[in-house]
Amino acid sequence: MAEETTTEAHTYPPSEQTTQYANAKADLYEQADADFEGFWADQARKYVTWGTDFDQVLDWSDAPFAKWFVGGELNVAYNCVDRHVEEGNGDRVAIHFVGEPGDERDITYAQLKDEVCKAANALSELGVSKGDAVAVYMPMIPETIIGMLACARLGAPHSVVFGGFSSDALRSRIDDCKAKVVITADAGYRRGTPSPLKPAVDKALEKADGGSVEKVLVVNRGDTDPEMKEGRDVWWHDVVDSASTEHTAENHDSEHPLFILYTSGTTGKPKGILHTSGGYLVQTAYTNSVAHDVHPGEDVYWCTADVGWITGHSYIVYGPLANGVTQVVYEGTPDSPHKGRWWEIAQNKGVTVFYTAPTAIRACMKWGDDIPAKFDLSKIRILGSVGEPINPQAWEWYREHIGHDEAPIVDTWWQTETGAIMISPLPGVTDLVPGSAQKPLPGIAVEIVDDEAKPVERGQTGLLVVTKPWPSMLRGIFGDNERYKQTYWSRFENLYFAGDGAKFDEDGNIWVLGRVDDVMNVSGHRLSTAEIESALVSHDRVAEAAVVGATDDMTGQAVVAFVILREGGASDEDQEKLVQELRGHVGNEIGPIAKPKSVMIVSELPKTRSGKIMRRLLKDVAENRDVGDTSTLTDSSVMDFIKNNLQAKK
Ligand code: ATP
Ligand code: MG
């Protein structure tokens, strides 16, 4: 692969001020290298309060099933709430909630503690005890976080199902973990109107065979007056509001299950990932501190993810609350009622640390620079990105228009399976390279290898693997140990196979190039979708691009590109010219071999509900196949549009 596309000419060294203020110091890497287990023991005691101290850092004797902080006991909810109150920070705002219709609610740590205790008491009353699973199917409102923490307090693992999923998806997840209780709401606000949730729960339970579910706890969010089934459904305001604020947090084993969560389904059928308590909390709190650089009591942090994804679990609920951070929680979409809604909230709440996904950044680029320019974002000092590779162009846009040309950006690579950030620059320490996730965090060991598990040379594309266990690693696929071993540990002995392609540049920075399945082979050249997409996005009329390799008689695979234009679009005759220009542009940026065989201008791309491009569906279309599993797709009409358009062109 040509080097010049990825190794940008300029890097951004940290300002002296950032370096001085940052939580992370450069010697953290040396500490971790010098004594791996000692380093994690230190982080465990620094970030977490243990009811019983652990006596062994890591037990890897039953690999690939890890035990971290063996013998330790803790209560995760106590760590996220009570201890901050005990330390005198009860008056600190934990959550600045902003509802989509404009309602606002500030919740202090003292209030959060009361609410979590009440919810824990109410759930106990409903029959939930330690070890029982609870499904959570909620909009982005404070009760969602309160409910999750109440489960954690009781030692009842939760399984959060994104509120945008169908009753079928909900049902299969309820069945999988045999949930005893479902926490839901009548509705959540979506683009100005309450979008119902409760009917999907009813439908799911109608079908659930005989039913592990005994009770449904319903928050009234939208005043939609849902049907309530006698004996099964109870209102949150009836049973939680009247419950006692006294609840003793029992300590649970470090390896006690905390939650099950399904992957996004970008590459296929989602996998139910199991996470446990101690190691997960340690690494989410540590990474939130060193990578997001949050300073509790000073920063106003905002992670825009939905709690239904791992990013919401780790960086809205557990990491930030364990650290005692003040954060914004917003219910709605970024463009409701106007396209500047996020920036308006950031301005009004004085957001200082902002964490979002490339898909959102590219949408904002498409909407235009003038929109964020209307708001005062001067308090923002750290920006973060997660979920997909961020194109260098989008990175630069983010820094310039959201980070007022100053804020360091942390591009964080991790997965549902890894539980917490694994690869990321450190603000104040790392010289930033736009588009690269850069370095494994102190305490994390990764490598890029070839098919024989040999480390590849710099500049060569290989497979990203994790070479040492890490505290927040998945403890398995729920109920399927074989699939766990097969999926992650069978490709190479003793190496965790992440499924992503990557390479090191000449300076040792890591470039994640997308899924292994997405790496193309054109006339014997290995090309990465991410690089060609970034080349397309670097054209000033392109906002977003998806590239796939379609089977081709001549070249093995041919590059097929789908692009969304920035505001303004293109007329019909202009389109033809633009397509040629874009092909030429990729040729110039990367090399003639990477020139797309065809470029299609579209208005939407198929995405998972977490916002990731589903290339496998585009590939199905490009290869004239029926499209595969679309259960995690946001909008299935997008696929029809693309299919019809492609057929018309053939
Ligand atoms: P599934 O495993 O079901 O196909 P998924 O992999 O999209 O879905 P997640 O766990 O939400 O589910 O996403 C993890 C993946 O997201 C990573 O394996 C990687 O491909 C991508 N990713 C996340 N962060 C980054 C990043 N900063 N840079 C590049 N890729 C990223
Ligand atoms: Mg995955």
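Residues numbered from 1 in each chain as written. Chains lettered and ligands numbered in written order. Predicted model: local features only at pLDDT ≥ 70, side-chain atom pairs only at ≥ 80, totals over all residues. Heavy atoms only, no water.

Caption draft 1: Geometry of the site of ligand 1. In the vicinity of ligand 1 lie 20 residues, with T263, T266, T267, T416 and K612 positioned nearest. The separation between an oxygen atom of ligand 1 and a polar side-chain atom of S264 is 2.7 Å. Its free accessible area being 640 Å², ligand 1 has 95% of it covered by the protein chains. Mapped by element, the contributors of at least two residues to the shell around ligand 1 are β20 (409-412) and β25 (510-515). Here the residues of the shell around ligand 1 are counted per class, giving 4 nonpolar, 9 polar and 7 charged. (Near = heavy atom within 4 Å. Polar contact = N/O pair within 3.5 Å; in protein donor to acceptor, adjacent residues only side chain to side chain. Areas by Shrake-Rupley, 256 points an atom, 1.4 Å probe, with all protein chains shown as cover. Helix = DSSP H or I, 4+ residues; strand = E, 2+ residues; numbered from the N terminus. Nonpolar A, V, L, I, M, F, W, Y, C, P; charged D, E, K, R; others polar.)

Caption draft 2: Broad picture of helix α16 (residues 481-489). Three or more residues of α16 are buried, namely Y484, Y488 and W489. Down the axis of α16, the buried side of the element spans an arc of 70 degrees, and every buried residue falls inside it. In α16, the exposed positions angled more than 90 degrees off the buried face are occupied by E482 and Q486. On the buried face of α16, the contacting elements are β15 (272-276), β23 (476-477) and β24 (496-504). (Buried < 20%, exposed > 50% of the residue type's maximum accessible area, 1.4 Å probe, protein only. Arc of directions from axis to C-beta. Contact = heavy atoms within 4.5 Å.)

Caption draft 3: Focus on the nonpolar core. Counting residues in hydrophobic clusters, the biggest one holds 140 residues, and the most contacted among them are W40, L112, L149 and Y318. Looking at this core, the element that brings in the most residues is helix α6 (residues 142-154), giving 8 residues. Contact partners of Y318, with chain neighbours within four places excluded, come to V76, C80, M148, L149, A152, H158, L258, F259, Y280, L281, T284 and H313. In terms of nonpolar packing, the next biggest core, distinct from the first, is built from 53 residues, Y330, W342, L377 and V537 among them. (Core = buried A, V, L, I, M, F, W, Y, C linked by side-chain atoms within 4.5 Å.)

Caption draft 4: Spatial organisation of the pairing of strand β16 (residues 300-303). Side chains V300 and W302 project from β16 onto one buried face, and the interleaved Y301 and C303 project onto a second face that is buried too. Two strands pair when backbone bridges link them, and β16 and strand β17 (residues 326-330) are joined in this way by 3 bridges, in the parallel orientation. Counterpart to V300 in the pairing with β17 is T326. Where the polypeptide runs from β16 across helix α11 (residues 310-323) and back to β17, its parallel neighbour, the crossover connection is right-handed. Both β16 and strand β18 (residues 353-356) contribute to a ladder of 3 bridges, which runs parallel. Paired with W302 across the two strands is F354, which belongs to β18. (Pairing = 2+ DSSP bridges. Right-handed = clockwise from strand over helix to strand, strands pointing away.)

Caption draft 5: Main features of the UniProt feature "binding site: CoA" (unreviewed entry) in the chain. Feature annotation in UniProt places "binding site: CoA" (unreviewed entry) on R190, R191, G192, T193, T311 and S523, given in this structure's numbering. Taking the farthest pair of C-alpha atoms as the criterion, the annotated set spanning 334 residues is dispersed, since that pair is 51.5 Å apart. Checked against the element boundaries, T193 lands in strand β10 (residues 193-196). For S523, the contacting residues outside a window of four places in its chain are T555 and I593. (UniProt positions renumbered as here; feature names shortened; annotations may be inferred.)

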